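# A closer look at the structure
Listed here are the chains, written in short residue letters.
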Amino acid sequence: MKKHTLFILILLVMVSSCVSTPESQDTQVQGTAAMGSTVQPPQEVAHVESSPPPTASQDSSASPQSTEIDTLIARAKESIEANRLSEGLQFYISALGRASKAGMKAQVDELIGILNAAGTRLTIEPHESWIADDGSQRAGEVRSAARGEGLMPTVYLYESYGFGKSVVQDAMIRFEFVSNDGKLNATVRTDARGMANTTITAVASPGKDATIRAYPIFSSEGYTYALKTVFRDFSYLAPPNIALVMALERTPAGFNENPRVLDAVASSLKPLGVQTISYNGVMAPERFMTAFSGDSKELASFAGSVSPGYFALLFVEVGTPVQMQLQGKLYNIFTATSKATLRIVRADGTIVFAEARDGIRGQGGSEQAAVDDSLVKIRSEMTALLEDRSVDIQKAFSE
């Protein structure tokens, strides 16, 4: 009996030494959880370790947000099938905004594809003022646009069907520079005719081509989507870098029909990247002076069939020669003082560069020799002027 009782006691001690206490179990769970960002109950840790992470589709299908998105997509499809494209796009954009906010990347990519596909039913067409006689789209002038004049980007927004098209009113059109830069009214709503136009108020570099793009944007519930696959570009061209060079020389004997300084100015402008054309017609002084003052119509009359972007105008005045006299004695030395003024103007008459050289003195053994020497010195002065001010002149041609 005593041996039997002793055997039972020994057996109980061995069993109790193999069972973990609750305290040791809690310590193990907390230690495992401490490796992450939060401490979780044992059952949640066991669930995460034993189950794979939920996929995006599993997460979205179980969320109320996904149900709302599905409802919006269904309503969008109904609107588009009923030929209410703008309304349908707005429903899609609402769905896209919610999917993006929820981090549902697959759903976002799918909705973007749907929006772009639906956008192919939209077309942007230029206003009639942009259509040339041959039916092509004309280009505007960048300098006129920089002054807020001339052609301004104007579009019609249409929704196309298999059998026709209809205007899309009260839609937003975004206008933006895609080449060059400047200022304009960026966002405009289409009117009852589906038309929207912007006004350019400044161009950063009027001497360079510019392109402005128009495309529709749609908004819903605070979300905005730009349909950049549907667009219309408007080109604005800079004036050609061609300069018509004209010169008028006035001497005591009258006006020279063949100004000697003309070729010197034309040759000095070529290294500055300007294509020059020397005017070789009969120069009417009064017409030249009108053009010299910046009259665009008179400038155009000199251009003829040429379309220069600029005019280089040089006006030379040679004073009456004076015979040298020293202590009451006259010498066979004559001097003539002259002045030369160079102006570079755009075809519209805007002056972009002006410089004058005064007090240029020629000398010779006769009055005519003094005048001739003065004209030679003017040529040298103008060549030096164009070389010294080359940076400023190049800038004038590019602005």
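Residues numbered from 1 in each chain as written. Predicted model: local features only at pLDDT ≥ 70, side-chain atom pairs only at ≥ 80, totals over all residues. Heavy atoms only, no water.

To continue, consider the confidence of the model for the chain. Averaged over all residues, the pLDDT of the chain is 82; the fraction at 70 or higher stands at 84%. Contacts for the low-pLDDT stretch residues 1–62, under 50 throughout, to residues beyond four places or in other chains number twelve contacts. (pLDDT = per-residue confidence, 0-100. Contact = heavy atoms within 4.5 Å.)

Turning to the nonpolar core, a few remarks are in order. By size, the foremost hydrophobic cluster in this structure holds 45 residues, and its most contacted members are Leu89, Leu122, Val155, Ile173, Ile200 and Tyr236. Looking at this core element by element, the count peaks at eight residues for helix H6 (residues 85–101). Residue contacts for Val155: discarding those within four places in its chain leaves Ile124, Glu125, His127, Ile173, Phe175, Gly194, Met195, Ala196, Ala214, Arg232 and Phe234. Membership of the second largest hydrophobic core comes to 32 residues, among which are Val274, Val316, Leu375 and Ile393. (Core = buried A, V, L, I, M, F, W, Y, C linked by side-chain atoms within 4.5 Å. Buried < 20%, exposed > 50% of the residue type's maximum accessible area, 1.4 Å probe, protein only. Helix = DSSP H or I, 4+ residues; strand = E, 2+ residues; numbered from the N terminus.)

Looking now at H6. If you check H6, its first and last C-alpha atoms are 24 Å apart, about what 17 residues at 1.5 Å a residue would give, namely 24 Å. Taken across its 17 residues, H6 has twelve buried, putting it largely inside the fold. Burial in H6 covers these residues: Leu85, Gly88, Leu89, Phe91, Tyr92, Ile93, Ser94, Ala95, Leu96, Gly97, Arg98 and Ala99. Summarising the contacts, the buried residues of H6 are in contact with helix H5 (64–81), helix H7 (105–119), strand S1 (122–126), strand S3 (154–160), strand S10 (210–220) and strand S11 (223–226). In the stretch just after H6, Gly103 is the one whose phi turns positive, near 75°. (Expected span 1.5 Å × (residues − 1).)

Now for the packing of aromatic side chains. Applying the stated criterion across every chain, the model contains eight aromatic pairs. Ring geometry for Phe288 and Phe315: centres 6.4 Å apart, planes at 40°, overall tilted. One end of the pair, Phe288, is in helix H10 (residues 285–292); the other, Phe315, is in strand S16 (residues 310–318), and 27 residues separate them in sequence. The residues Phe288 and Phe315 share a single accessibility class, namely buried. (Phe/Tyr/Trp six-rings, centres within 6.5 Å; stacked < 30°, edge-to-face > 60°.)

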